[in-house]
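Notes for the structure review
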Amino acid sequence: MSDKLRIGIIGLGFIGTQKHLVALAQHKDRAEVVAFCDFDIERAEAGKAQWGNDAAYTTTDYMDVVRDPDIDVVHVCTWNANHCEITCAALEAGKHVMVEKPMAVTAEDARKMRDTAKRVGKKLTVGFQYRQREEYQWLKKLADEGKFGEIYAAKAHATRRRGVPIWGVFTDKSKQGGGPLIDLGGYSIDVALWLMNNYEVASVAGVVNYKLGDKPAGNIGGEWDPATYEVEDSAFGFVTFKNGASLFVEASWALNLKAAREGCITIHGTEAGAETVQDPGGSANLVVDVNLIEGGKQVNTSFGEGGAYFSAGGVGGAQNGFAYMGGLEAGLWIDAILNDTDPYVTADQAVVVTEILDGIYKSAEQGGKPVYFD
Ligand SMILES: NC(=O)c1ccc[n+]([C@@H]2O[C@H](COP(=O)([O-])OP(=O)(O)OC[C@H]3O[C@@H](n4cnc5c(N)ncnc54)[C@H](O)[C@@H]3O)[C@@H](O)[C@H]2O)c1
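First, a word on what this report is: a plain description of the structure on this page. Within any chain, residue numbers begin from 1 and follow the written order of that chain's sequence. Per-residue local features are limited, in this predicted model, to residues with pLDDT of at least 70; the limit for side-chain atom pairs, both in listing and counting, is 80 or more; totals at the level of whole chains, interfaces and linings are taken over all residues. Values shown for side chains rest on all heavy atoms present in the structure; no hydrogens or waters enter the calculation.

**Points about the environment of Asp340**
Test applied: Each helix is a run of H or I in the DSSP string that is no shorter than four residues. Each strand is a run of E no shorter than two, and both are numbered from the N terminus. Contacts were defined at the residue level, with two residues in contact if any of their heavy atoms lie within 4.5 Å. For this analysis, a polar contact is any N or O atom pair within 3.5 Å, provided that within protein one partner can donate a hydrogen and the other can accept it, and provided that sequence-adjacent residues contribute only side-chain to side-chain pairs.
Turning to its location among the elements, Asp340 is positioned in the loop between helix H9 (322-339) and helix H10 (347-365). The sequence separation of Asp340 and Lys123 amounts to 217 residues, and the corresponding C-alpha distance is 8.7 Å. If we skip the residues at most four places from it in the chain, Asp340 touches Lys123 and Asp335. One polar contact links Asp340 to Lys123, side chain to side chain, over a distance of 2.8 Å.

**Describing the pattern of salt bridges**
Let me state the cut-off plainly: A pairing counts as a salt bridge when a side-chain nitrogen of Lys or Arg comes within 4 Å of a carboxyl oxygen of Asp or Glu. Using a 1.4 Å probe on the protein chains alone, a residue whose accessible area is under 20% of its type maximum counts as buried, one over 50% counts as exposed, and one in between counts as partly exposed.
Evaluated as defined, the whole model comprises 22 salt bridges. Here Arg119 and Glu92 are joined by a salt bridge, their closest N and O atoms 2.5 Å apart. In this pair, Arg119 sits in helix H5 (residues 107-120) while Glu92 sits in helix H4 (residues 83-92), placing the two residues 27 residues apart along the sequence. Overall, Glu92 belongs to the partly exposed group, its relative accessible area being 43%. Where Lys141 meets Glu145, a salt bridge forms, and the shortest distance between an N and an O atom there is 3.0 Å. What makes Lys141 exposed here is its relative accessible area of 52%.

**Some thoughts on the site of the ligand**
The test is simple: The near set for a molecule or strand comprises every residue that places at least one heavy atom within 4 Å of it. Accessible surface is estimated by sampling points in the Shrake-Rupley manner with a 1.4 Å probe; for residues, cover comes only from the protein chains shown. Gly is placed with the polar residues, together with every amino acid not listed as nonpolar (Ala, Val, Leu, Ile, Met, Phe, Trp, Tyr, Cys and Pro) or charged (Asp, Glu, Lys and Arg).
Residues in contact with the ligand amount to 26 residues; listed here are only the nearest, Asp38, Arg43, Asn80, Gln129 and Tyr187. The contact in question runs from a nitrogen atom of the ligand to an N or O atom on the backbone of Phe39, over 3.1 Å. Look at the ligand: alone it shows 850 Å² of surface, and the protein chains cover 95% of it. Of all the secondary-structure elements, those providing two or more residues to the shell around the ligand are helix H1 (14-24), H4 and helix H8 (180-196). Examining the composition of the shell around the ligand, we find that 3 residues originate from one element, H1, more than from any other. Across the shell around the ligand, the residue classes break down as 11 nonpolar, 9 polar and 6 charged.

**Observations concerning the sheet that holds strand S1 (residues 5-10)**
This is how it is decided: Strands pair, by our definition, only if DSSP identifies at least two bridges between them. The axes used here are C-alpha line fits, helices contributing only the stretch in contact, and every angle between their N-to-C directions lies in the interval 0 to 180 degrees.
The parallel open sheet is built from 6 strands, whose spatial order is S3-S2-S1-S4-S5-S6. Each edge of the sheet is formed by a strand with only one pairing partner; in this case those strands are strand S3 (57-59) and strand S6 (124-126). Across the sheet, the mean angle separating the axes of adjacent strands is 25° when strand polarity is ignored. Two strands pair when backbone bridges link them, and strand S2 (residues 31-37) and S3 are joined in this way by 3 bridges, in the parallel orientation. Within the sheet, the bridge partner assigned to Ala35 lies in S3 and is Tyr57.

Spelled out as structure tokens, the structure:
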């Protein structure tokens, strides 16, 4: 390994450019992107022109990156359906891999990826950057300090009122594996499990709805094409854990509701609870409230308001964007590789998130009957 990690990025669409390249540019002293790969060579060239050094190259064939003996790390930022294939090929070739969320389209694929990483002794992580939000770092600190007591119930909210992505292949089931559940559900489930510190799932039940795919009016960013809309528009799930805890999941791109609640969670503990909602003012921040009984009274404390739970640094809209969350995520990933420690988001944790997503789809296919885990 040279003095800097040499990274190849596969997939230079929205997230490859808006998060990974921007994030890695913050760690130029420890990592450099030397290979830019996309089916669409113009995207690869644009990435290289903006972020590559003189030695960087472009390709349309991901195997060029996988086979390159000078590459240490591969970031997989392609459509969901090829995450498993590319990740496993890169791991087998001796690379560490960061793969975008969702880890994979099926639980079987996710387990294959994790098991391959373990077998070849390389690191694997998944791009759940929401954990890096200041608001969630603060809640995690409180959870780890025991401020919530036992967190025995939680909710993962991933709802948009009309927010179907109209770029890329998001509504193509064969390339994405599903709609809002697989696309948005994972962030919130990941944060909820991490705060609960509970990865022992007992059962998953759920439904998925195909009700609004032909009603594109009012969509943020423009109407989608109903003729090519193949995925669910909302999904609901209920997860039980081996210790009796539970998790409700809701995800939508299109659902008749007042306020969207994307990337949000609710947790209920024996000592306190917490909930996050999107800022009604429209900033990128989440509004976070912790609720507890103190001195015989019902008390609510908001993050950023000051007082006992105030986190130094405050909340800044720009800070919680991709550059901020992605920059921290990339820094921790580079630390894990260079220091040979577990990644911040482990493959084992991400497998459980995928098992829950997969479980909701499977349960829905069997009319809502629960899927039981060993
Ligand atoms: N972490 C996040 O916040 C976040 C946000 C958006 C998307 N994502 C995830 O990132 C992934 C990509 O989403 P996007 O919005 O960037 O999509 P996109 O369509 O904008 O970009 C995907 C790119 O991958 C390329 N590609 C696909 N398969 C390829 C292959 N085999 N070889 C080379 N190039 C290939 C496509 O040509 C395209 O340019 C998805 O899995 C999505 O779920 C994560």
